[in-house]
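# An overview of the molecular structure
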Amino acid sequence: MTDTTASPIPTLADIEAARETIAGVARVTPMETSKFLEGLLGSPVHLKCENLQRTGAYKVRGAYNRLSTLSAAEREAGVVAASAGNHAQGVAFAARELGIPATIFTPVGVALPKLQATRRYGADVVLRGHSVEEALSAAKEFAARTGAVFIPPFDHPAVIAGQGTLGFEILDQVPDVDTVVVPIGGGGVISGIAIAVKGLAERQGRTIRVIGVQAENAAAYPSSIAAGEPLTITTSPTISDGIAVARPGDMNFPIIRDLVDEVVTVSDDDTARALLVLLERAKLVVEAAGAVGVAAIMSGAVHDTGRTVVLLSGGNIDPLMMERIITRGLVAASRYIGIRIMLPDRPGQLARVSQIISDAGANVVEVLHTRHGQGLVINEVGLDLSIEARGPDHADEVMARLQEAGFRPEQLTN
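Report on the accompanying structure. (Residues numbered from 1 in each chain as written. Predicted model: local features only at pLDDT ≥ 70, side-chain atom pairs only at ≥ 80, totals over all residues. Heavy atoms only, no water.)

## Here's the deal with the nonpolar core
- Val 177 and Ile 193 are the most contacted members of the largest nonpolar core, which has 36 residues in total.
- Residue assignment for this core shows that the elements contributing at least two residues are helix 1 (12–22), helix 8 (157–173), strand 7 (179–183), helix 9 (188–204), helix 11 (252–259) and strand 10 (308–312).
- Per-element accounting of this core gives the leading share, 9 residues, to helix 9.
- Look past the residues within four positions of Val 177 in its chain and what remains in contact with it is Ile 170, Leu 171, Arg 206, Ile 208, Arg 307 and Val 309.
- Within the second largest apolar cluster, 26 residues are counted, among which are Leu 41, Val 181, Ala 291 and Leu 312. (Core = buried A, V, L, I, M, F, W, Y, C linked by side-chain atoms within 4.5 Å. Buried < 20%, exposed > 50% of the residue type's maximum accessible area, 1.4 Å probe, protein only. Helix = DSSP H or I, 4+ residues; strand = E, 2+ residues; numbered from the N terminus. Contact = heavy atoms within 4.5 Å.)

Right, dumping it as structure tokens:
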């Protein structure tokens, strides 16, 4: 059925009550430090590890808090949600804990690990459509037909209050925090965090900055804030699919407009580099959407505003997607580069190039050697090399060594 229980924007007291409701269900996740990010930002950086939360993301907080408010009749009717990932798992887990039947609609192409996890939590999973929007329409039709309560992913006061419990934990763990950096999709988690940390800071007679981060291919908030109202944008594909939302939540928008100090965007390459750094330096597995706050620091989109906490919002990443993103991160960091060289078609040239690259301390991992292709003259061959390097300076050194030897190498952008 249509959710008619939505109340005004949640208060600090609502979030305090939500914290009691979810205690014992949602974990108090670790707060780690990062010397690497501190060196980039110029101030201490802490990582709030919701990637280690039950179900692998913060979503269980809002889902459990919302389901806890249902009446006996509503619980008997069951709940329904639409999601391609974290919200599905959060609702399914919360429903299992509370003994409520749950139906989750997901797009046909949902990642297999997310599909399996949602089913393991006991939900009836229905594959419908090829986008979240199609699954959402099917879920709402199901609610209207069966009387099940539709659970929105971000646009509900009980959901916002549940996510806002993160704000209390952040201040418990880092009492002198100056800035909190949070990913934004529809706006549920940053809405709750902003209400919590701004309200608690006001009680203490100080201020705390809240900065939101969106993927630049799905950034509905900057244009909406400029227009003064929620706008629906056309999104482009992004590796940060968990925050690829085309329109701000109607309840979330005014909270973010009034309480969030700044909203910045990051590219997919920025995010891929951040995911790689989290894996290598912090030993943390984070999904792309959960890494955009780190990407904002690494790209310079977030500047030094004192002791900073970055929310790692989730860790539910498909291993196949992780492999692709890690490769992209290596390319973006110039640690995996492609080089094209036109060579005279005579013996020994390939060996000569390989020796130059070896002497420069780089490693050839893939070779394509062909006499066929556009731009080749009759006495030339084309050589495409994939090379492991140590970063931009080392990649430049390899290119310089080849040029000094009389070759004309071209670094490939893809």
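## Observations regarding the sheet that holds strand 14 (residues 410–412)
- Strand order across the open sheet formed by 4 strands is 12-13-11-14, with antiparallel pairing between neighbours. Among the strands making up the open sheet, the edge pair consists of strand 12 (363–370) and strand 14. Each strand of the sheet is rotated relative to its neighbour by a mean of 25°, with strand direction disregarded.
- The pairing of strand 12 with strand 13 (residues 380–388) spans 7 bridges and is antiparallel. Across the sheet, the residue bridging to Val 364 is Ile 387, located in strand 13. (Pairing = 2+ DSSP bridges. Axes fitted to C-alpha atoms, helices over the stretch in contact; angles between N-to-C directions.)

## A look at unusual backbone geometry
- The backbone of Thr 55 sits at a positive phi, close to 70°, despite the residue not being glycine.
- Residue position: Thr 55 is located in the loop between strand 2 (45–49) and helix 3 (59–68).
- With phi around 60°, Lys 283 is a residue other than glycine that occupies positive phi space.
- By the secondary structure assignment, Lys 283 is in the loop between helix 12 (268–281) and helix 13 (292–299).
- In this structure Lys 283 comes out as exposed when scored by relative accessible area, which is 64%.

## What to know about the packing of aromatic side chains
- If you walk through the whole model with that rule in mind, you get 3 aromatic pairs.
- Consider the rings of Phe 93 and Tyr 121, whose centres lie 5.6 Å apart with planes at 80°: the pair is edge-to-face. Taken as a pair, Phe 93 in helix 5 (residues 86–98) and Tyr 121 in the loop between helix 6 (112–120) and strand 5 (124–127) lie far apart in primary sequence, 28 residues in all. With respect to burial, Phe 93 and Tyr 121 carry one shared label: buried. (Phe/Tyr/Trp six-rings, centres within 6.5 Å; stacked < 30°, edge-to-face > 60°.)

## Describing the pairing of strand 8 (residues 209–215)
- Of all 7 residues in strand 8, 6 are buried, a share of seventy percent or more.
- Relative to strand 8, strand 7 runs parallel, the two sharing 5 bridges. Following the sheet pairing, Val 182 is matched in strand 8 by Gly 212.
- Note that the unit made of strand 7, helix 9 and strand 8 has a crossover that is right-handed.
- Pairing between strand 8 and strand 9 (residues 262–266): 5 bridges, direction parallel. Paired with Gly 212 across the bridge in strand 9 is Val 263. (Right-handed = clockwise from strand over helix to strand, strands pointing away.)

## A few points about the side chain of Thr 29
- Along the chain, the position of Thr 29 falls in the loop between helix 1 and strand 1 (31–33).
- A polar side-chain atom of Thr 29 sits 2.5 Å from a polar atom in the side chain of Glu 50.
- Other than its neighbours up to four places away in sequence, Thr 29 contacts Lys 48, Cys 49, Glu 50, Leu 52, Gln 53, Arg 61, Glu 169 and Gln 173. (Polar contact = N/O pair within 3.5 Å; in protein donor to acceptor, adjacent residues only side chain to side chain.)

## Topic: the pattern of salt bridges
- Overall, the coordinates contain 17 salt bridges when judged by the stated rule.
- Linking Arg 203 and Glu 16 is a salt bridge whose minimum nitrogen-to-oxygen distance equals 3.4 Å. In this pair, Arg 203 sits in helix 9 while Glu 16 sits in helix 1, placing the two residues 187 residues apart along the sequence.
- With its nearest N and O atoms 3.1 Å apart, the salt bridge here joins Glu 141 to Arg 145. You can see Glu 141 and its partner Arg 145 sitting in helix 7 (residues 132–146), 4 residues apart, about one turn around the helix.
- Judged by its relative accessible area of 42%, Glu 141 falls in the partly exposed class.
- One network of salt bridges, in which partners are shared, links Lys 48, Glu 50, Arg 61 and Glu 169. (Salt bridge = Lys/Arg side-chain N within 4 Å of Asp/Glu carboxyl O.)

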